[in-house]
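In case you want the letters, here they are:
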Amino acid sequence: MGLSTTQRNAVLSSWIKPSNDDEKAQQDRAERLVRAAIDESDDFDDAEVEIYTKGSYPNNTNVRRDSDVDVVVELHDCFYSAPKSGVTLVNPGHTTPYTGPWTPTKWRAAVKKAMVTYFGESSVDATGRVAINIGAVAGSRPSADVVPSFLYYRYEDAYKQEKEQGSCVFPSDGGAMIVNWPDQQLRKGRTLNTTTGGRYKNFVRALKNAENTLVAEGAIDDLPSYFMECLVYNVPATTLSSGSNLADGFQSTLAYLWNRLSDGSAATDWVEPNYMKWLFKGPQKWTVDQAKDLVLLTFSHLGYGD
């Protein structure tokens, strides 16, 4: 038996809440401390470095159980690039090669060293293949995932006259370069949220909390927090905004997700919130079947259809 209407409304009201003021202050502190760690290191005196947060924290879609702060430490002394799929560059080698000291291995090592010097070795976990984790301090800051990155460009035309700026990171295990598009994700998410009167980010947080609940109950395996944002982003603004209240709108959102995941269109047409990468094409950390399980169990948990 699922939740009653009253219980469902109470759960949704709780699930859609953003970080409270105390949580926000702790998240801000985590970002400031990472900046301080880089600023106090002499290794970066001659480097052009940009430091910024990405993911659910700046996008205001984070929830209590997913409170990590992702901080990008990005080198701008050099950049990596590639043409958009289907574009063949004219004079592809017409770029002065970078001859400076910063290889991906050395950049990661320098960022790790700065974190260890500032936070202490016991607070730093550099065993992850992508991020360097800084441990949380209860009542002071959440954990922070520090991502040693490089500037990245995707050329949109053959003559490199149009380009999209992103960020890339090289996994510590030697795996393929990972390209991220944090600015595009931020801008497009804000636009959709404005268009839907706040429903977009409300429903992202609701689905993230639903996933946390289902994982705690043992109903599904843990999924990346970003995946829930991706799913809701592919729901039309008219559907997100439908219904006279949040509960009706979320029911319509789940129904739309289920129908598109079931008819196969999601696998071919859906994109990430940055609108730069396909959601299900190519290697990903998630599958259509995992999305279907999440949506169906969320629908059932909230008592829709009872």
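The structure contained in this document is the topic of the report that follows. (Residues numbered from 1 in each chain as written. Predicted model: local features only at pLDDT ≥ 70, side-chain atom pairs only at ≥ 80, totals over all residues. Heavy atoms only, no water.)

**What to know about the packing of aromatic side chains**
How we decide: Here a pair means two rings of Phe, Tyr or Trp (six-membered ring of Trp) with centres within 6.5 Å. Their orientation is stacked below 30 degrees between planes, edge-to-face above 60, and tilted elsewhere. The numbering of helices and of strands both runs from the N terminus, where a helix is a DSSP run of H or I of at least 4 residues and a strand a run of E of at least 2. Remark: exposure states derive from per-residue accessible area (1.4 Å probe, protein chains only) relative to the maximum for the residue type, with buried under 20%, exposed over 50%, and partly exposed in between. Distance and angle both matter: a charge sits over a ring if NZ of Lys or CZ of Arg is within 6 Å of the ring centre and within 35 degrees of the ring normal.
Per the counting criterion, the structure on display carries 16 aromatic pairs. Ring centres of Tyr80 and Phe150 lie 5.4 Å apart, and the angle between their planes is 80°; on these two criteria the pair is classed as edge-to-face. In this pair, Tyr80 is assigned in strand β2 (residues 69-83) and Phe150 in strand β5 (residues 144-155), connecting sequence segments 70 residues apart. Look at Phe150 and you get buried, because its relative accessible area is 1%. Residues Trp107 and Phe150 carry aromatic rings whose centres are separated by 6.3 Å and whose planes lie at 50° to one another, so their mutual orientation is tilted. On the criterion of sequence distance, the pair formed by Trp107 in helix α4 (residues 104-119) and Phe150 in strand β5 is long-range, its members being 43 residues apart. Here the aromatic residues Phe44, Tyr80, Trp102, Trp107, Phe150 and Phe170 are joined through ring pairs into a cluster of three or more. The ring of Tyr153 carries the charged tip of Lys163 above its face, separated from the ring centre by 4.1 Å.

**Some details on empty space enclosed by the protein**
Note the following rule: In this analysis, the protein atoms alone were mapped onto a 1 Å grid. Cavities are point sets where a 1.4 Å probe fits without being able to get out; pockets are open sets with protein on both sides within 12 Å along at least five of seven lines; lining residues have an atom within 4 Å of a point. Grid points are joined across faces, edges and corners, and a volume is the space filled by probe spheres set on the points. Each residue receives one of three labels: charged for Asp, Glu, Lys and Arg, nonpolar for Ala, Val, Leu, Ile, Met, Phe, Trp, Tyr, Cys and Pro, and polar for the others, Gly being one of them.
Evaluation of the coordinates by the stated rule reveals one cavity of 30 Å³ or more. Here the largest cavity defines a volume of roughly 40 Å³. Residue lining of the largest cavity: Pro104, Arg108, Pro148, Phe150 and Phe170, and that is the complete set. Counting residues per element, the ones that place at least two in the lining of the largest cavity are α4 and β5. Residues that form the lining of the largest cavity fall into these classes: four nonpolar, no polar and one charged.

**Structural notes on the nonpolar core**
Note the threshold: We call a set of buried residues a nonpolar core when its members are Ala, Val, Leu, Ile, Met, Phe, Trp, Tyr or Cys and they connect through side-chain atoms within 4.5 Å of each other. Any two residues whose heavy atoms approach within 4.5 Å are treated as being in contact.
In terms of nonpolar packing, the biggest core is built from 39 residues, with Phe227, Leu231, Phe250, Leu261, Trp270 and Phe280 touching the most fellow members. At the level of elements, α1 (5-15), α6 (199-216), α7 (225-233), α9 (246-263) and α11 (288-301) are the ones that each hand at least two residues to this core. In terms of residue count, α6 provides more of this core than any other element does, seven residues in total. Setting aside residues up to four positions removed in sequence, Phe280 forms contacts with Phe227, Leu231, Leu261, Ala266, Ala267, Trp270, Trp286, Thr287, Val288 and Ala291. In terms of nonpolar packing, the next biggest core, distinct from the first, is built from 32 residues, Ile51, Val69, Ala144 and Val146 among them.

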